[in-house]
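# Results of the structural survey
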Amino acid sequence: MSKIKTIFFCQNCGAQSSKWIGKCPSCNEWNTYVEEVVQKNSASSGSGLEKLTAKRINKPHRIDEITLSEDQRIDTNNNELNRVLGGGMVPGSIILIGGEPGIGKSTLMLQVALKLNKLKILYISGEESEQQIRMRAERIGMTNTNCFILTENSTQNIFTHIESLEPNMVIVDSIQTLNTAVIESSTGSVSQIRECASEMNRYAKETGVPVFLIGHITKDGSIAGPKVLEHMVDTVLQFEGDRNHGYRILRAAKNRFGSTSELGIYEMQNSGLREVSNPSEILLSQHDENLSGVAIASTIEGLRPMLIETQALVSSAAYGTPQRSATGFDLRRLGMLLAVLEKRCGFRLGAKDVFLNIAGGIKVDDPAIDLAVVTAVLSSGEDIPIDPKICFSAEVGLSGEIRPVNRIDQRITEAEKLGFEKIIISKYNQKGLDLSKSGIQIVPVKKIEDVFSFLFG
Ligand code: TYD
Ligand code: MG
């Protein structure tokens, strides 16, 4: 009989130690170490993966002799997913999709599986029954004779089925429910998750089949989050959004085969997720009357320009300390912009509550939204609406100067496409722009005061 071997794992970052320690030296969290049994079973009674992968024996190749196959990317038939992946799936890649429970990960992957009828797809579910998945498919309103559902937790059984089915793509929902016989600790523990993911990884790399792993992020550390997997997989996608809002954003947190600045936008409807190919339309709220406190920014997320509505409400503080609150925008940045307004425009904000909201429930990092934020605050404070045909695209500096932003021509084109008549940009962005050519009036400004007098006279 072999000796039982245990290791202590940090439930937060997956670091390991042979002794229990109070504070994780790797992520500095306290009390995250738990003991897990990691006794390996004797060699070959393993996971069944050996049978699948033993066929191929790799040997070293010179890099210039390695041939690239023609169609390196597999189209997922889902434009937003393709965009985030960097143009489609790469054969043999392993992709982790993380997100809070209920955000729509299973829906997204099932939808991809149902739509992609060119490939034989195996959807492995350790969470739901076949009936539940079938019901979801009914709800989405699609069916696919090439999509197979397997409800199974043991990787050993999974690889047996994979061997006979020979799928072209595998989806695992979720990695936390898998269980390998190689390791003795319980399902969902760090060492189990890590071992199952590494088996999947080996399978993907050695057979060239792309594998999607769904992973839950939990707030309490009881199930290890997909954090420990991030360095093992090729791509980490984050599926996020407010469960109460319809919009969902898919973004890449890591991508070995593409950029991480791309965004995919979906809308959760009664019949599944709809791809939103023109985000500006949804991010601008529709209203007929002219309201004060609303300004439109022309921003860029990834490679895609989009127009986003910012809404501000400025009112007299009900309590001694004025409140500042921002949704979808950095609160400290808002504080800074308010200080600039106070100092530069003589705008008395010291005794006012300021609330800022970015429409559509999305979070914006692009500094080009600054000017829209500032003008929305000014507009609400003065209670004068801004002409809805005007949009803004510039950063605001500490001394109230209007600073240039990158790729201004794309921002202008997008604003023009959506029917705006004027766009306010930094004077320093003007170089190289042909002001007469575009169908939209470009208003270059230098300081906040200029914007103020242009808008409110
Ligand atoms: P789900 O994909 O199960 O989330 P996850 O796998 O990330 O936990 O779906 C989450 C929510 O989506 C669920 O509350 C119901 C909703 N939903 C719709 O609104 N429309 C649909 O067509 C489907 C399938 C789900
Ligand atoms: Mg699910």
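Residues numbered from 1 in each chain as written. Chains lettered and ligands numbered in written order. Predicted model: local features only at pLDDT ≥ 70, side-chain atom pairs only at ≥ 80, totals over all residues. Heavy atoms only, no water.

### Remarks on the domain arrangement of the protein
Here is the rule: By convention here, the domain bounds are inherited from an automatic or database domain assignment.
Here the domain parsing of the protein yields domain 1 (6-37), domain 2 (76-277) and domain 3 (282-456). Each of domain 1 and domain 3 was reduced to a C-alpha centroid, and the two centroids are 46 Å apart.

### A few points about the packing of aromatic side chains
Let me state the cut-off plainly: Side-chain rings of Phe, Tyr and Trp (the six-membered ring for Trp) are treated as a pair once their centres are within 6.5 Å; stacked means planes under 30 degrees apart, edge-to-face means over 60, and tilted covers the remaining angles. Each helix is a run of DSSP H or I of at least 4 residues and each strand a run of E of at least 2, with the numbering of both proceeding from the N terminus. Relative accessible area decides the class of each residue, using a 1.4 Å probe on protein chains only: under 20% of the type maximum gives buried, over 50% gives exposed, and in between gives partly exposed.
This model, assessed by the stated rule, comprises three aromatic pairs. Summarising the aromatic geometry, the rings of phenylalanine 239 and tyrosine 266 are spaced 6.0 Å apart at their centres and angled 80° between planes, so their arrangement reads as edge-to-face. Placement of phenylalanine 239 in strand β9 (residues 235-240) and of tyrosine 266 in strand β11 (residues 263-269) is noted, with a sequence separation of 27 residues between them. Phenylalanine 239 gets classed as buried once you look at its relative accessible area, which sits at 2%. Centroid distance phenylalanine 452 to phenylalanine 456: 5.3 Å. Interplanar angle 65°. Geometry classified as edge-to-face. Taken together, the residues span about one helical turn, with phenylalanine 452 and phenylalanine 456 both in helix α11 (residues 448-456) at a distance of four residues.

### Overview of the pattern of salt bridges
Selection criterion: For this document, the term salt bridge refers to a Lys or Arg side-chain nitrogen within 4 Å of an Asp or Glu carboxyl oxygen.
The tally for this structure, following the rule as stated, stands at 18 salt bridges. Ionic pairing is found between arginine 62 and glutamate 65, a salt bridge with its closest N-O pair at 3.7 Å. By relative accessible area, arginine 62 is classed as exposed at 51%. The closest approach of N and O atoms between glutamate 395 and arginine 403, which form a salt bridge, is 3.8 Å. Judged by relative accessible area, glutamate 395 falls into the buried class, the value being 18%. Overall, arginine 403 belongs to the partly exposed group, its relative accessible area being 36%. Beyond isolated ion pairs, a larger network of salt bridges with shared partners links Arg333, Asp370, Glu395 and Arg403.

### Concerning the sheet that holds β11
Selection criterion: Should DSSP find at least two bridges between two strands, the strands are regarded as paired. To get an axis, a line is fitted to the C-alpha atoms, and for a helix only the part in contact is used. The angle between two axes follows their N-to-C directions and goes from 0 to 180 degrees. By definition, residues are in contact when any of their heavy atoms lie within 4.5 Å.
With mixed pairing, nine strands are arranged side by side in an open sheet as β6-β5-β7-β8-β4-β9-β10-β11-β12. This sheet does not close on itself; its edge strands, each paired only once, are β6 (147-151) and β12 (272-275). Strand after strand, the sheet turns through a mean of 25° between neighbouring axes, direction not considered. When strand β10 (residues 247-255) meets β11, the two strands line up antiparallel, connected through five bridges. Considered in β11, the bridge of tyrosine 247 is made with glutamate 267. Lying over the sheet, helix α4 (residues 130-140) contacts β5 (121-125), β6 and β12, oriented at roughly 145° with respect to β6.

### Let's talk about the site of ligand 1
For clarity, the cut-off: Only a single heavy atom is needed: when it lies within 4 Å of a molecule or strand, its residue is near that molecule or strand. Polar contact criterion, stated in full: a pair of N or O atoms within 3.5 Å, where within protein one must be able to donate a hydrogen and the other to accept it, and residues adjacent in sequence count only if both atoms are side-chain atoms. All accessible areas in this document rest on Shrake-Rupley with a 1.4 Å probe, and a residue is counted as covered only by the protein chains that are shown.
By nearness alone, 15 residues border ligand 1, and Gly102, Ser106, Thr107, Gln269 and Gly272 come closest of all. One nitrogen or oxygen atom from the main chain of glycine 272 is found 2.6 Å from an oxygen atom belonging to ligand 1. Coverage of ligand 1 by the protein amounts to 77% of the 560 Å² it exposes when considered alone. Among the elements of the structure, α3 (105-115), α4 and β11 are those that each provide at least two residues to the shell around ligand 1.

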